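# Structural description and commentary
These are the residues of each chain, in order.
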Amino acid sequence: MTPTTPASGHFAAPRADGDHHGTGTGTGTGTGPGPGTGPGTNTGTGAEPDTAPRADAPAVTPLRFGYGTNGLADLRLDDALALLADLGYDGVGLTLDHMHLDPLAPDLAARTHRLAKRLDALGLDVTVETGARYVLDPRRKHGPSLLDPDPDDRARRVDLLIRAVHVAADLGAHAVHCFSGITPPGTDAPTAWHRLTDALTPVLKAATTAGVPLAVEPEPGHLLATLADFNRLRRTLGDPEHLGLTLDIGHCQCLEPLSPADCIRAAAPYLRHVQIEDMRRGIHEHLPFGDGEIDFPPVLAALAATGYQGLTVVELPRHSHAGPHFAEHSLPFLRNAEAAATRTPVLVPPHGDPSATPEGSTS
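Now for a look at the structure at hand.

Procedures and definitions
- Residues numbered from 1 in each chain as written.
- Predicted model: local features only at pLDDT ≥ 70, side-chain atom pairs only at ≥ 80, totals over all residues.
- Heavy atoms only, no water.
- Helix = DSSP H or I, 4+ residues; strand = E, 2+ residues; numbered from the N terminus.
- Buried < 20%, exposed > 50% of the residue type's maximum accessible area, 1.4 Å probe, protein only.
- Contact = heavy atoms within 4.5 Å.
- Areas by Shrake-Rupley, 256 points an atom, 1.4 Å probe, with all protein chains shown as cover.
- Expected span 1.5 Å × (residues − 1).
- Core = buried A, V, L, I, M, F, W, Y, C linked by side-chain atoms within 4.5 Å.
- Pairing = 2+ DSSP bridges.
- Salt bridge = Lys/Arg side-chain N within 4 Å of Asp/Glu carboxyl O.
- Right-handed = clockwise from strand over helix to strand, strands pointing away.
- Axes fitted to C-alpha atoms, helices over the stretch in contact; angles between N-to-C directions.
- Parallel < 35°, antiparallel > 145°, perpendicular 65-115°, else oblique.
- Left-handed = near helix turned anticlockwise from the far one by under 90°.
- Phe/Tyr/Trp six-rings, centres within 6.5 Å; stacked < 30°, edge-to-face > 60°.

This part is about the overall build of the protein chain. Within the protein chain, the regular secondary structure consists of nine helices and twelve strands. Within the protein chain, the fraction of its 363 residues that count as buried is 56%. Look at the contacts in the protein chain between residues 6 or more apart in sequence, and 75% of them connect residues 24 or more apart. When the accessible surface of the protein chain is summed, it comes to about 15,300 Å², and 53% of that surface belongs to carbon and sulfur atoms.

Okay, here's the thing in structure tokens:
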């Protein structure tokens with residue numbers, strides 16, 4: 001069987017019926033409304049970069065890329081970390097879950113200490129993420145949340161986040177990620193916002209004591225879904241020093257009124273963590289690079305211009321069935337897009353041919 005070379009510049013998982021090699025380039029249209037939008041070109045990893053340097057390009061520190069363990073859920077944690085180090089990643093987005101540093105299992109402090117030594121040996125930095133689907137409740141995805149009607153259930157989520165803060169401090173992580181959760185049926189907006197601010201108060205106290213920023217993520221469909229919602233939370237809580245933002249680039253493309261690059265510029269003072277993947281306007285589906293509509297060179301140029309030096313973590317949780325493949329090819333894509341922003345040369349390997357279709361739901 002001879003596979004078809006992709007036309008969209010995307011990469012897909014390796015076939016089970018043989019090894020083939022090919023290259024692909026592609027174009028896409030940036031469709032998000034707002035300043036800076038319009039037709040754009042997706043940077044496929046098989047494309048030849050423009051090697052003519054820009055004389056007026058400012059000197060910027062290279063971005064630091066990581067890969068999320070929620071996209072490597074079929075690997076043991078140590079194997080996942082070794083893979084990322086071998087591939088050249090700067091760090092890892094560590095989702096606390098039953099298969100990767102279970103936050104509820106015994107001897108968490110001892111296991112965290114061993115992990116810190118392993119990360120140091122591999123030269124990997126880390127962000128602690130708390131988006132595990134069923135870590136607290138085997139029947140409710142992301143439940144209970146900070147908005148749960150039951151105060152005891154809300155307390156369980158608060159306890160998880162405080163545990164995550166302690167883990168992050170012990171690992172030397174640059175941030176702890178979290179999100180609000182979906183507003184429960186029958187709960188009005190003022191009540192939901194009160195629950196959120198009340199629940200986050202002890203978490204922020206723990207983060208302040210530990211010296212670890214808490215990076216709240218606007219999530220489509222959640223109470224806190226947009227940058228405007230984050231700004232509301234920040235103002236309501238009195239703009240605490242250790243309250244920061246997780247900015248997901250795909251979410252910007254999905255629903256923000258500004259383009260992803262303009263979202264970065266607007267959020268720059270509060271950026272503490274960045275997640276990245278491709279996405280289409282109005283559809284909350286995390287896609288491999290080149291499969292969506294985002295024009296990445298301007299996005300990465302905007303991010304570099306902010307001086308952000310935390311991790312920018314690839315977020316492909318629905319692609320764990322081929323996690324090593326997507327981890328291998330995401331980093332060259334991002335480095336190529338980063339170089340294209342300043343038209344500096346970069347060498348990238350061919351990404352291979354398409355094969356297995358993505359598994360899992362789209363949200």
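Picking up where we left off.
Compared with an ideal rise of 1.5 Å per residue, which puts 20 residues at 28 Å, helix α9 (residues 323-342) spans 30 Å between its outermost C-alpha atoms and is within 8% of the ideal. Within α9, 15 of the 20 residues are buried, which leaves it mostly tucked inside the rest of the structure. Positive phi shows up at Arg 343, right after α9, with a value of about 55 degrees.

Okay, the environment of Ala 215 next. Structurally, Ala 215 is set in strand β7 (residues 214-216). Given a relative accessible area of 0%, Ala 215 falls into the buried group. Distance in space between the C-alpha atoms of Ala 215 and Gly 244 is 4.5 Å, their sequence separation being 29 residues. Dropping the residues within four chain positions of it, Ala 215 is found in contact with Ala 175, Val 176, His 177, Cys 178, Gly 244, Leu 245, Thr 246, Arg 272 and His 273.

What follows is about the nonpolar core. By size, the foremost hydrophobic cluster in this structure holds 81 residues, and its most contacted members are Tyr 67, Val 128, Leu 171, Leu 196, Leu 247 and Leu 271. With nine residues, the top contributor of residues to this core is helix α4 (residues 189-210). Here Leu 271 is in contact with Leu 245, Leu 247, Ile 264, Leu 303, Thr 306 and Tyr 308, once residues within four sequence places are set aside.

We now examine the pairing of strand β12 (residues 311-314). Side chains Leu 311 and Val 313 project from β12 onto one buried face, and the interleaved Thr 312 and Val 314 project onto a second face that is buried too. Both strand β3 (residues 64-68) and β12 contribute to a ladder of four bridges, which runs parallel. Across the sheet, the residue bridging to Phe 65 is Thr 312, located in β12. Relative to β12, strand β9 (residues 271-276) runs parallel, the two being bridged by three bridges. Bridging from a neighbouring strand, Val 274 pairs with Thr 312 of β12.

All told, the structure shown has twelve salt bridges when counted by the stated rule. In this structure, the salt-bridge partner of Asp 125 is Arg 64, at a minimum N-O distance of 1.9 Å. Placement of the pair is Asp 125 in strand β5 (residues 125-129) and Arg 64 in strand β3, with a sequence separation of 61 residues. For the salt bridge of Arg 118 with Asp 78, the shortest nitrogen-to-oxygen distance reads 2.6 Å.

On to the pairing of β5, then. Taking burial as the measure, the five residues of β5 include four buried ones, the bulk of the element. Sheet topology places strand β4 (residues 91-95) next to β5; five bridges connect them, and they run parallel. For Gly 93, the partnering residue across the bridge sits in β5 and is Thr 127. Taken together, β4, helix α2 (residues 108-122) and β5 form a β-α-β motif whose crossover is right-handed.

Another aspect to go through is the packing of helix α1 (residues 77-87) against α2. Remark: α1 packs on α2, axes separated minimally by 10 Å, with the N-to-C direction vectors making an angle of 20 degrees. As far as their axial angle goes, α2 and α1 are roughly parallel. At the point where α1 passes α2, the crossing takes the right-handed sense. Packed against α1, whose contacting residues are Leu 77, Asp 78, Leu 81, Ala 82 and Ala 85, the element α2 presents Leu 115, Arg 118, Leu 119 and Leu 122 at the interface.

Before going further, it helps to spend a moment on the packing of aromatic side chains. Per the counting criterion, the structure on display carries five aromatic pairs. On the basis of an interplanar angle of 85 degrees and a centroid distance of 5.2 Å, the ring pair of Phe 289 and Phe 296 is categorised as edge-to-face. Given a relative accessible area of 0%, Phe 296 falls into the buried group.

Below, the discussion takes up unusual backbone geometry. Each neighbour pair has its own omega, and for Gly 143 with Pro 144 the value is -15 degrees, a cis peptide bond. For Pro 144, the position within the fold is in the loop between β5 and α3 (151-171). Positive phi outside glycine occurs at Leu 101, with the angle close to 55 degrees. On the secondary structure map, Leu 101 appears in the loop between β4 and α2. Judged by its relative accessible area of 9%, Leu 101 falls in the buried class. The backbone phi angle of His 142 is positive, close to 60 degrees, even though this residue is not glycine. Inspection of the secondary structure puts His 142 in the loop between β5 and α3.

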